[in-house]
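# Observations on chain architecture
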Amino acid sequence: MARTSTPSNAKPAVASPLESHLGFWLRFVSNHVSARFAELLATHDVTVSEWTALRTLDEQSETRHAALIDALGMTKGAASKIVTRLEAKGLAERRLAEDSARDQWLALTPKGKRLVPVLAALADANEAHFFGHLKAAERQALQAQMQALVAHHGLKSLPVS
């Protein structure tokens, strides 16, 4: 296959400005929203990934370890580390499943159940901080567009960091 060369007098391609990309602005806002939320969570000694696991576990009285791994979109090892940290903080517990010697059930402890609404209020406050200036219809439209992108690209794993 013949290679083509650029004539020495040809102008090099001009790179588009970083700020001209929607992805730049999405990441810019996302980084700031996430960083502020991480700071708020840190006041309760919880990380964003731990919050995501707590919120996932709060949706059911018990969750199989494999289901949490799927919900978080993490490796088994990464999810296990999060569960171990939650256990050490007294926020979650695991027990072996009766029908399997290898499978585990995970659940929030009473302390974890009490903490979830407190952390959810921080999430709501963070959301209001960044998006509260938008009219309700604008917020709904922005959220609908983000959800449409998720659906279009078949994105499944939760953002945890």
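Quick note: structure is the one above.
So, here is what we can say about the structure in this document. (Residues numbered from 1 in each chain as written. Predicted model: local features only at pLDDT ≥ 70, side-chain atom pairs only at ≥ 80, totals over all residues. Heavy atoms only, no water.)

## Considering helix α1 (residues 22-42)
An ideal rise of 1.5 Å per residue puts 30 Å on 21 residues; α1 measures up with 30 Å between its terminal C-alpha atoms. Summarising the contacts, the buried residues of α1 are in contact with α2 (48-58) and α5 (110-131). (Helix = DSSP H or I, 4+ residues; strand = E, 2+ residues; numbered from the N terminus. Expected span 1.5 Å × (residues − 1). Contact = heavy atoms within 4.5 Å.)

## A look at the pattern of salt bridges
Here the structure, examined in full by the defined rule, presents seven salt bridges. By sharing partners, the salt bridges in this structure join Asp45, Glu50, Arg85 and Lys89 into a single network. (Salt bridge = Lys/Arg side-chain N within 4 Å of Asp/Glu carboxyl O.)

## Here's the deal with the packing of α2 against α5
Look at α2 against α5: their axes get within 11 Å of each other, and the N-to-C directions meet at 120 degrees. The angle between the axes of α2 and α5 places the two elements in the oblique class. As for how α2 packs across α5, the hand of that crossing is left-handed. Contact residues: Trp51, Leu54, Arg55 and Asp58 in α2; Val116, Leu119, Ala120 and Ala123 in α5. For the contact of α2 with α5, the per-class residue count stands at six nonpolar, no polar and two charged. (Axes fitted to C-alpha atoms, helices over the stretch in contact; angles between N-to-C directions. Parallel < 35°, antiparallel > 145°, perpendicular 65-115°, else oblique. Left-handed = near helix turned anticlockwise from the far one by under 90°. Nonpolar A, V, L, I, M, F, W, Y, C, P; charged D, E, K, R; others polar.)

## What about the nonpolar core?
In this structure, Val46, Trp51, Leu54, Leu68, Leu86 and Leu119 are the most contacted members of the largest nonpolar core, which totals 23 residues. For this core, the element with the highest residue contribution is α2, accounting for five residues. Apart from the residues within four sequence positions on either side, Leu86 is in contact with Glu50, Ala53, Leu54, Leu91 and Ala92. (Core = buried A, V, L, I, M, F, W, Y, C linked by side-chain atoms within 4.5 Å. Buried < 20%, exposed > 50% of the residue type's maximum accessible area, 1.4 Å probe, protein only.)

## Some details on the side chain of Ser49
If you trace the backbone, Ser49 turns up in helix α2. Of the residues examined, Ser49 reaches a relative accessible area of 13% and is grouped as buried. For Ser49, the side chain forms a polar contact with the side chain of Thr47, separated by 3.2 Å. (Polar contact = N/O pair within 3.5 Å; in protein donor to acceptor, adjacent residues only side chain to side chain.)

## Digging into the packing of aromatic side chains
Considering all chains together, one arrives at five aromatic pairs under this definition. Judged by centre distance (4.9 Å) and plane angle (85 degrees), the ring pair of Phe24 and Trp25 falls under edge-to-face. Through a chain of ring-to-ring contacts, the aromatic side chains of Phe24, Trp25 and Phe28 assemble into a single cluster. (Phe/Tyr/Trp six-rings, centres within 6.5 Å; stacked < 30°, edge-to-face > 60°.)

## Regarding the environment of Ala125
Tracing the backbone through its elements, the reader meets Ala125 in helix α5. Relative accessible area serves as the criterion here: at 40%, Ala125 is assigned to the partly exposed category. Placed 88 residues apart in sequence, Ala125 and Phe37 show a C-alpha to C-alpha distance of 9.1 Å.

## Observations regarding unusual backbone geometry
At Asp45, a residue that is not glycine, the phi angle is positive and equals roughly 60 degrees. Along the chain, Asp45 falls in the loop between α1 and α2.

## Brief notes about the environment of Ser16
Within the secondary structure layout, Ser16 lies in the segment before α1. Note on Ser16: relative accessible area 42%, which makes it partly exposed. A distance of 2.7 Å separates polar atoms of two side chains, one belonging to Ser16 and the other to His21.

## Re the sheet that holds strand β2 (residues 92-96)
Reading across the sheet, the three strands line up as β1-β3-β2 and stay open at both edges, with antiparallel pairing between neighbours. Because the sheet does not close on itself, it has two edges, and the strands there are β1 (63-64) and β2. Pairing geometry for β2 and strand β3 (residues 104-108), over five bridges, is antiparallel. Note that in β3 the partner of Arg94 across the bridge is Leu106. (Pairing = 2+ DSSP bridges.)

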